[in-house]
Amino acid sequence: MSEYKDYIVRATAADHQLRAFAVTSRDIVEKAREIHNTSPVATAAIGRLLTAASMMGSMMKGEKDVLTLQIECGGPIGGITVTADSNADVKGYVNNPNVILPPNAQGKLDVSGALGPGFLNVIKDIGLREPYNGQTHLVSGEIAEDLTYYFATSEQVPSSVGLGVLMDKDNHVRQAGGFIIQVMPDTDDKLEARLGEVHSVTDMLDKGMTPEDILGYVLDGMDVEILETIPTQYKCNCSVERVSKAIASIGKKDLQEMIDDGEPIEVNCQFCGSHYKFDTEQLKTFMN
């Protein structure tokens, strides 16, 4: 077992004028790195998106609600897809996990350069006939700023998003985490001034600060009240049953072609790398 344990804290502050979330997500991001064998910049990119998704998933109310954060972009990473459920279980993949770029002007991993121009799609499947889909331009490609812009423009909720992934010299994940602070109407600009002093989520984590400490620091003097602690993890829900259902749904004609080929087919899960093999006898059972 790792010494780390990922969790989210949910809080209010400033007499319920602010709602706030903070997370430590080191295990989640390290697991994604191990599964997909991502380069450092790809680890940072998917790690930031997974971190945000864990908090945004915990905001959803319904047991079966699913959130998808998808980045479509023109940069060498080719795109990122992450999903979260209302239990804050997350999973994701990057289109090009091996992207290598030199550091940016600040000497940091160049996530913005890896993404390039593009769009952020936020898809919420909350059991309605059609999922909610909000799309915004990537304003910086650094992901935190892009989500801040999404909340302001698509959900009309002024928010501040901070996300960070810090790598060790051996390219393992040393720290990962973030916060989302959302302002209810009529809050003064004390928060804005305070946020201007917050430089790095990973610096705070590296000093040993917990999610509770981070919210206490960021919302200093605003009477933070912790409401809930929520465990979060990288978890894929693929299974033989789910994959079988997907194959059975592709149509009789295509299934018959696979059977006629006489070769077993292999289905690989993009999120966790699991392999599922089906021989022709199994494929025939899907024809019924």
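Everything below is about the structure printed above this text.
Procedures and definitions
- Residues numbered from 1 in each chain as written.
- Predicted model: local features only at pLDDT ≥ 70, side-chain atom pairs only at ≥ 80, totals over all residues.
- Heavy atoms only, no water.
- Pairing = 2+ DSSP bridges.
- Helix = DSSP H or I, 4+ residues; strand = E, 2+ residues; numbered from the N terminus.
- Axes fitted to C-alpha atoms, helices over the stretch in contact; angles between N-to-C directions.
- Contact = heavy atoms within 4.5 Å.
- Buried < 20%, exposed > 50% of the residue type's maximum accessible area, 1.4 Å probe, protein only.

Topic: the pairing of strand S3 (residues 66–73)
Two elements, S3 and strand S4 (residues 80–85), share six bridges in a ladder whose sense is antiparallel. Bridge pairing in S4 places Gln70 opposite Thr81. Linking S3 to S4, which pair antiparallel, is a turn of six residues; within it Gly78 sits at a positive phi near 80 degrees.

A few points about the sheet that holds strand S9 (residues 173–183)
Strand order in the open sheet formed by five strands is S8-S9-S2-S1-S10, and the pairing between neighbours is antiparallel. Every interior strand has two partners, whereas the edge strands, strand S8 (159–167) and strand S10 (225–231), have only one. When strand polarity is set aside, the average angle formed by the axes of neighbouring strands in this sheet is 10 degrees. Two elements, strand S2 (residues 18–24) and S9, share seven bridges in a ladder whose sense is antiparallel. Of the residues in S9, the one forming a bridge with Leu18 is Val183. Packing against the sheet, helix H4 (residues 144–154) makes contact with S8 and S9, and its axis sits at approximately 160 degrees to S8.

Structural notes on the sheet that holds strand S11 (residues 233–234)
Strand order across the open sheet formed by six strands is S7-S6-S3-S4-S5-S11, with mixed pairing between neighbours. Each end of this open sheet is capped by a strand with a single partner; those strands are strand S7 (132–137) and S11. Looking at chain direction, strand S5 (residues 89–94) and S11 are connected through two bridges and run parallel. Note that in S11 the partner of Asp89 across the bridge is Gln233. In the packing of helix H2 (residues 40–58) onto the sheet, contacts are made with S3, S4, S5, strand S6 (118–125) and S11, and the angle to S4 comes to roughly 25 degrees. Sheet contacts for H4: S6 and S7; angle to S7, the most-contacted strand, approximately 120 degrees.

A short note on unusual backbone geometry
The backbone of Asn37 sits at a positive phi, close to 50 degrees, despite the residue not being glycine. You can see Asn37 is positioned in the loop between helix H1 (26–36) and H2. Assessed through its relative accessible area of 55%, Asn37 is described here as exposed. A positive phi angle is found at Asn171, which is not glycine, with a value near 70 degrees. Tracing the sequence through the fold places Asn171 in the loop between S8 and S9.

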